[in-house]
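Coordinate analysis (summary)
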Amino acid sequence: QVQLVESGGDLVQPGGSLTLSCVASGIDLSRHDVEWHRRAPGKKREFLAQINDIEGSLFYVDSVKGRFTISRDKAKNAVYLQMNNLQPEDTAVYYCYAVTVTVAGRMDYWGRGTLVNVSS
């Protein structure tokens, strides 16, 4: 019914760039806050960035601030994560997460992830 599909992960050299896509079906992504998270092998999930539903405000953790940019394309029902100057420590599976809060409660969805491997 509801799906979030990430794409764009690849093997890249240190200093390279990638743009990840999160395309939603079954929901209007513009009515959700959308976040990007990542999980390195053997480690817990790490929050990276968020774009707000109404205000469109952006938030980034320090580890990616200035290098990563989150954005929306409402016509394509998609959210993107542009990643620049990638480093080996950025190697992880990257996930998108959509959430909306109503009077009845919270509805949230996870994608299945896309692998980013930064290596020489």
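Thresholds, definitions, all that
- Residues numbered from 1 in each chain as written.
- Predicted model: local features only at pLDDT ≥ 70, side-chain atom pairs only at ≥ 80, totals over all residues.
- Heavy atoms only, no water.
- Pairing = 2+ DSSP bridges.
- Helix = DSSP H or I, 4+ residues; strand = E, 2+ residues; numbered from the N terminus.
- Axes fitted to C-alpha atoms, helices over the stretch in contact; angles between N-to-C directions.
- 1 Å grid on protein atoms, 1.4 Å probe; cavity = no way out; pocket = protein on both sides within 12 Å on 5 of 7 lines; lining within 4 Å.
- Points joined across faces, edges and corners; volume = space filled by probe spheres on them.
- Nonpolar A, V, L, I, M, F, W, Y, C, P; charged D, E, K, R; others polar.
- Salt bridge = Lys/Arg side-chain N within 4 Å of Asp/Glu carboxyl O.
- Core = buried A, V, L, I, M, F, W, Y, C linked by side-chain atoms within 4.5 Å.
- Buried < 20%, exposed > 50% of the residue type's maximum accessible area, 1.4 Å probe, protein only.
- Contact = heavy atoms within 4.5 Å.
- Polar contact = N/O pair within 3.5 Å; in protein donor to acceptor, adjacent residues only side chain to side chain.

Right, let's talk about the sheet that holds strand β1 (residues 3-7) for a bit. The antiparallel open sheet is built from 4 strands, whose spatial order is β1-β3-β8-β7. The strands lining the two open edges of the sheet, one partner per strand, are β1 and β7 (68-73). In this sheet, adjacent strand axes meet at a mean angle of 15° when their direction is disregarded. Pairing geometry for strand β3 (residues 18-25) and strand β8 (residues 78-83), over 6 bridges, is antiparallel. Bridge pairing in β8 places Leu 18 opposite Met 83.

Take empty space enclosed by the protein next. Per the counting criterion, the structure on display carries 1 cavity of 30 Å³ or more. Taken as a whole, the largest cavity encloses approximately 50 Å³ of empty space. In this structure, the largest cavity is lined by Leu 29, Ser 30, Arg 72, Asp 73, Lys 74, Asn 77, Ala 78 and Val 79. Elements supplying a minimum of two residues to the lining of the largest cavity: β7 and β8. Across the lining of the largest cavity, the residue classes tally to 3 nonpolar, 2 polar and 3 charged.

Turning our eyes to something else, we now look at the pattern of salt bridges. A full pass over the atoms with the stated rule returns 3 salt bridges. A salt bridge links Arg 67 to Asp 90, with the nearest nitrogen and oxygen atoms 2.9 Å apart. Linking Arg 67 in the loop between β6 (58-60) and β7 with Asp 90 in the loop between β8 and β9 (92-101), this pair joins segments that are 23 residues apart in sequence. Each of Arg 38, Glu 46, Arg 67 and Asp 90 takes part in salt bridges that share partners, so that together they form one network.

Ranked by internal contacts, the top residues of the largest apolar core, which has 28 residues, are Trp 36, Phe 68, Ile 70, Leu 81, Met 83 and Tyr 94. When residues of this core are traced back to their parent elements, those giving at least two are β3, β4 (33-39), β5 (46-51), β7, β8, β9 and β11 (114-118). Those residues in contact with Met 83 that sit more than four places away from it in its chain are Gly 16, Ser 17, Leu 18, Leu 20, Arg 67, Phe 68, Tyr 94 and Val 116.

Turning our attention to the environment of Asn 85. Structurally, the position occupied by Asn 85 is in the loop between β8 and β9. Residue class for Asn 85 comes out partly exposed when judged on its relative accessible area of 40%. In this structure, the C-alpha to C-alpha distance between Asn 85 and Leu 18, residues 67 residues apart in sequence, is 9.1 Å. Those residues in contact with Asn 85, other than ones at most four positions away along the chain, are Gly 15, Gly 16, Ser 17, Arg 67 and Asp 90. Only 3.0 Å separates the side chain of Asn 85 from the side chain of Gln 87, close enough to count as a polar contact.

The analysis is restricted to geometry; functional conclusions fall outside its scope.
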